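Each chain, letter by letter, is given below.
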Amino acid sequence: MENQGRKKGKTIISFFNKKRGEETSTSVDIPMTTTESQPHAKVPRIAFDENDLERDPGLRIPIWSHPVYNKDEVRRAYIKWGPNQPVLANYPRTKSGGQNQRFQQSWFIKFPWLEYSISKDAAFCFPCFVFQDREPLHPAFTVNGFNSWKRVNNGAKCVFLAHMGGPTSPHNNAVRNVEALKNISRHIDKVMNVQSLENVKKNRLCLKTTIDSVRWLTLQGCALRGHDESLTSKNRGNLVELISLMGKLNVEIDDVVLEKAPGNAKYTSHLIQKDILHILSTKVRNKIREEVGNARFCILVDEAKDVSNREQMAIILRFVDIHGYLQERFFEIVHVEDTCALTLKNQISQVLTRHNLHIKDLRGQGYDGASNMRGAWNGLQVLFRSDCEYAYYVHCFAHRLQLALVAAAEKEISVWLFFSKLTCIVNLVSASPKRYTELRSTQASEIECDIASGERETGKGANQIGTLHRAGTTRWSSHFDSICSLIDMYGATIIVLRSLVKEGATNKICGEVGGCLMSM
């Protein structure tokens, strides 16, 4: 499983690597080999040169006499040349009985496999010569040659026809082998390459589909995995369902994804998803690093616990790009074991060093007001100042504003009472779906009446039906949003509160509702 994961990882990384290097090939020379006559004898390998081969069938050495490592090259060389069929004005005559017989040029047309040796005045079989792997029992047409010409023009008893034999004869098998070897597109290496290219194309399309799906879901902030991703599940999760949808819209994609993909190359497992996300995040960080260049930079850091109760630290880079614009880029989020200053400093330094960002170029630090961050003796800002004296610390203005406003509001009784009643009103109206629905329907009726009477202007994005917002504890702007939502839904809120009193709610709720109506 580990090997399979590494292979997939390499496949994914290669998909993102657009700059392909030059392909290199290595050739290994076999320094020693064995001969067939002496199986255990070691002889040096001799380089093969096709120009040294003899064309005359009567003078050349048999294929089976060549070194084992050169036989295939010799076969290809002879097949490239084809049968040796010299055309002579007058072929030599041979006296046979009372007649002079000689080789006839017309036989080359009738028997295309035929060869003629000028040196021996004999005929040879080209296919049988090429694929003769051992010393033959009947060497007439491969080694010695045939020159009994009177036996050729002998009707059905023609010696050439007898040599050819039936469909499965050695001669016909050799002819088929020659044709197969001449047909380059049918060679096993070519067939395998074609098949390999098709598999590569399919795998790339399958992988690209998964990558595009992961990118889209990540951009939308959607979960990738589902609760049940089995074939019998009605909802297999966002990623699988999105890939399935893309397959329905494109036949080519449908033929290579999910169940139609090979069992070891579906590219939908959680490990593949993490690899893709890791590669995408690395590319984003590399792009940010290119924007920073050689400029000085500042860091903004804050930490918080996630839903799994793990402490996470967010790192943001603040810098001026090459065009002179101030940029803030979310750079990385790091899990930390604890929040002590030294641990945070080590983790931040590792992130900066990993991306070739030097602490000596640090020109600012922005944190909250916690003691581990702003401490004058052992805080995080002091540890960085010891490495770079220009890394000035700035207490986050948002935190400072929040602390100042909250401290001032808590000391002013009227402000405290105002937001206390505001929170009570929002909780009462939004406590149940019934009240929430009544609030929205009442607001819709009010908007229709105001538009009909001309008190409200119409336009794109105007007169949206909203709801009451709760004030948060960490951002003062949320208090402002809560007040604005109550002002916009003032009349609808009063109508909902009055209906609660008329419906005869419990004494406790009636008291709270009455107090809220008096406050409003």
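Here is what the cut-offs are and how they apply
- Numbering of residues begins from 1 in every chain and follows the order in which that chain's sequence is written.
- pLDDT decides what is reported in this predicted model: residues at 70 or higher carry local features, side-chain atom pairs at 80 or more are listed and counted, and totals for whole chains, interfaces and linings draw on all residues regardless.
- Hydrogens and waters are ignored; side-chain quantities use all the structure's heavy atoms.
- Strands here mean DSSP runs of E at least two residues long; helices mean DSSP runs of H or I at least four residues long; both are numbered from the N terminus.
- Exposure categories follow from relative accessible area, calculated using a 1.4 Å probe and restricted to protein chains: below 20% of the type maximum is buried, above 50% is exposed, and the middle band is partly exposed.
- Residues are treated as being in contact if the distance between any of their heavy atoms lies within 4.5 Å.
- Computed with the Shrake-Rupley method and a 1.4 Å probe, the accessible areas treat only the protein chains shown as cover for residues.
- Residues enter patches when their relative accessible area tops 30% and they take part in no salt bridge; the joining distance is 9 Å for like charges and 5 Å for the nonpolar side chains Val, Leu, Ile, Met, Phe, Trp and Tyr.
- Each salt bridge in this description consists of a side-chain nitrogen of Lys or Arg and a carboxyl oxygen of Asp or Glu lying within 4 Å of one another.
- Note on pairing: two strands pair once DSSP finds at least 2 bridges between them.
- Lines fitted to the C-alpha atoms define the axes, with helices restricted to the stretch that makes contact. Angles between their N-to-C directions range from 0 to 180 degrees.
- What is meant by a nonpolar core is a set of buried Ala, Val, Leu, Ile, Met, Phe, Trp, Tyr and Cys residues, joined one to another through side-chain atoms within 4.5 Å.
- Each direction from the helix axis to a C-beta atom contributes to the arc, which is the arc of those directions.
- Here roughly perpendicular refers to angles of 65 to 115 degrees, roughly parallel to angles under 35, roughly antiparallel to angles over 145, and oblique to all remaining angles.
- By convention, the crossing between two helices is left-handed when the near helix turns anticlockwise from the far helix through less than a right angle, and right-handed when the turn is clockwise.
- Residue type decides the class: Asp, Glu, Lys and Arg count as charged, Ala, Val, Leu, Ile, Met, Phe, Trp, Tyr, Cys and Pro as nonpolar, and the leftover types, Gly among them, as polar.
- Ring pairs shown here join Phe, Tyr and Trp side chains whose ring centres sit within 6.5 Å, with only the six-membered ring taken for Trp; geometry is labelled stacked below 30 degrees between planes, edge-to-face above 60, and tilted in between.
- Each ring is checked for a lysine NZ or an arginine CZ that lies within 6 Å of its centre and within 35 degrees of its normal; such an atom marks a charge sitting over the ring.

*Asks:* Before we go on, may I ask you to explain the overall build of the chain in this structure?
*Replies:* Within the chain one finds 20 helices and eleven strands. Taken over 520 residues, the chain has a buried fraction of 33%. When contacts within the chain are restricted to residue pairs at least 6 apart in sequence, long-range pairs at least 24 apart make up 56% of them. A total of about 33300 Å² of accessible surface is found on the chain, and carbon and sulfur atoms cover 55% of it.

*Asks:* Even after reading the chapter, I still don't get a nonpolar patch on the surface, so can you show me in this structure?
*Replies:* A cluster of nonpolar side chains, contributed by I413, W416 and L417, occupies part of the molecular surface with about 350 Å² of accessible area. Relative to the assigned elements, L417 resides in helix α16 (residues 413–429).

*Asks:* How should I be thinking about the side chain of Q381 in this particular structure?
*Replies:* In this fold, Q381 is placed in helix α14 (residues 380–387). Judged by relative accessible area, Q381 falls into the buried class, the value being 11%. Here Q381 is in contact with Q365, Y367, M373, R374, G375, A376 and Y393, once residues within four sequence places are set aside.

*Asks:* Any chance you could explain the sheet that holds strand β7 (residues 297–305) here in plain terms?
*Replies:* Through backbone hydrogen bonds, the strands of a sheet pair up, either in parallel or in antiparallel fashion. Taken in spatial order, the five strands of this open sheet run β9-β8-β7-β10-β11, and their pairing is mixed. In the strand order of this sheet, the two ends are held by β9 (326–335) and β11 (393–395), each with one partner. On average, each strand axis in the sheet is inclined to that of its neighbour by 25 degrees, with strand direction left out of account. Direction of pairing for strand β10 (residues 362–367) relative to β11: parallel, over a ladder of three bridges. Bridge pairing in β11 links G366 to V394. The strands touched by α14 are β7, β10 and β11; relative to β10, the strand with the most contacts, the crossing angle is about 175 degrees.

*Asks:* Quick question: what am I supposed to make of helix α2 (residues 71–81) here?
*Replies:* Think of an α-helix as turning once every 3.6 residues; residues three or four places apart then point the same way. Of the positions making up α2, those classed as buried are K71, V74, R75, A77, Y78 and I79. Of the surrounding elements, those touching the buried residues of α2 are α4 (126–130) and α7 (170–182). Positive backbone phi, approximately 85 degrees, marks G82, located one or two places after α2.

*Asks:* Teacher, can you tell me more about the environment of E512 here?
*Replies:* Topologically, E512 is positioned in helix α20 (residues 507–519). Put simply, E512 and C424 are 88 residues apart on the chain and 8.1 Å apart in space, counted from C-alpha to C-alpha.

*Asks:* Looking at this model, I keep getting lost on unusual backbone geometry. Mind explaining?
*Replies:* Residues other than glycine predominantly adopt negative phi, and peptide bonds predominantly adopt the trans conformation. One non-glycine residue, L258, lies in positive phi territory at about 55 degrees. Within the secondary structure, L258 is located in the loop between α10 (251–254) and α11 (270–292). A positive phi is found at N356, a non-glycine position, where the angle reads about 60 degrees. Looking at the element boundaries, N356 is found in the loop between α12 (341–354) and β10. Exposure remark for N356: the relative accessible area of 46% places this residue in the partly exposed category.

*Asks:* Just to check I follow, could you spell out the nonpolar core for this structure?
*Replies:* Counting residues in each nonpolar core, the largest one holds 27 residues, and the members touching the most others are I299, L317 and I348. Going through the elements one at a time, α11, β7, β8 (311–320), β9, α12, β10 and α14 are the ones with two or more residues in this core. If one sorts the elements of this core by residue count, α12 sits on top with five residues. In terms of nonpolar packing, the next biggest core, distinct from the first, is built from 20 residues, L217, L224, L239 and Y267 among them.

*Asks:* I keep staring at α14 and nothing clicks. Help me out?
*Replies:* Taken together, the buried positions of α14 are occupied by L380, Q381 and F384. With its buried residues spanning 95 degrees around the axis, α14 presents them on a single face.

*Asks:* It is not clear to me how the packing of α16 against helix α18 (residues 477–488) should be interpreted in this structure. Could you clarify?
*Replies:* Working note: a packed helix pair is described by the angle between its axes plus the distance between those axes. The contact between α16 and α18 brings their axes to 11 Å, and the two run at 60 degrees. By the criterion of interaxial angle, the relationship of α16 to α18 is oblique. When the axes of α16 and α18 are compared, the crossing they make is left-handed. In this structure, α16 contributes F418, F419, L422, I425 and V426 to the contact, and α18 contributes H479, S482, I483 and L486. Across the contact of α16 with α18, the residue classes tally to seven nonpolar, two polar and no charged.

*Asks:* Looking at this model, I keep getting lost on the pattern of salt bridges. Mind explaining?
*Replies:* Working definition: two side chains of opposite charge can pair if their charged atoms are close together. A complete count under the given rule lists twelve salt bridges for this structure. Note that K260 and D255 form a salt bridge whose closest N and O atoms lie 3.9 Å from each other. Here D255 falls in the partly exposed class, since its relative accessible area comes to 43%. The partner of R296 in a salt bridge is D361, with the nearest N and O atoms 3.7 Å apart. Of the two residues, R296 sits in the loop between α11 and β7 while D361 sits in the loop between α12 and β10, which places them 65 residues apart along the sequence.

*Asks:* Explanation requested: the environment of K345 in the structure shown.
*Replies:* Here K345 lies in helix α12. Taking relative accessible area as the criterion, K345 reaches 14% and is therefore assigned buried. Considering only alpha carbons, one finds K345 and Q381, 36 residues apart in sequence, at a separation of 8.9 Å. Not counting residues up to four positions away in its chain, the partners in contact with K345 are L380, L383, F384 and D387.

*Asks:* Whenever I open this one, the packing of aromatic side chains confuses me. Can you help?
*Replies:* Each aromatic ring pair is summarised here by two numbers: the centre-to-centre distance and the angle between the ring planes. Considering all chains together, one arrives at 20 aromatic pairs under this definition. A centroid spacing of 5.6 Å and a plane angle of 85 degrees characterise the contact between Y78 and W81, whose relative ring orientation is edge-to-face. On the criterion of helical spacing, the pair formed by Y78 and W81 is a turn pair, its members being three residues apart in helix α2. A relative accessible area of 1% means that Y78 is categorised as buried. Ring centres of W107 and F160 lie 5.8 Å apart, and the angle between their planes is 85 degrees; on these two criteria the pair is classed as edge-to-face. Note that W107 is positioned in helix α3 (residues 106–110) and F160 in helix α6 (residues 159–164), a separation of 53 residues in sequence. Through a chain of ring-to-ring contacts, three or more aromatic side chains come together here, namely Y91, F103, W107, F108, F111, W113, Y116, F141, F146, W149 and F160. Positioned above the aromatic ring of F129, the side-chain terminus of R60 is 3.7 Å from the ring centre. The ring of F384 has K345 sitting right over it, with the charged end atom 5.8 Å from the ring centre.

Everything listed here is a matter of coordinates, which is why it stays silent on function.
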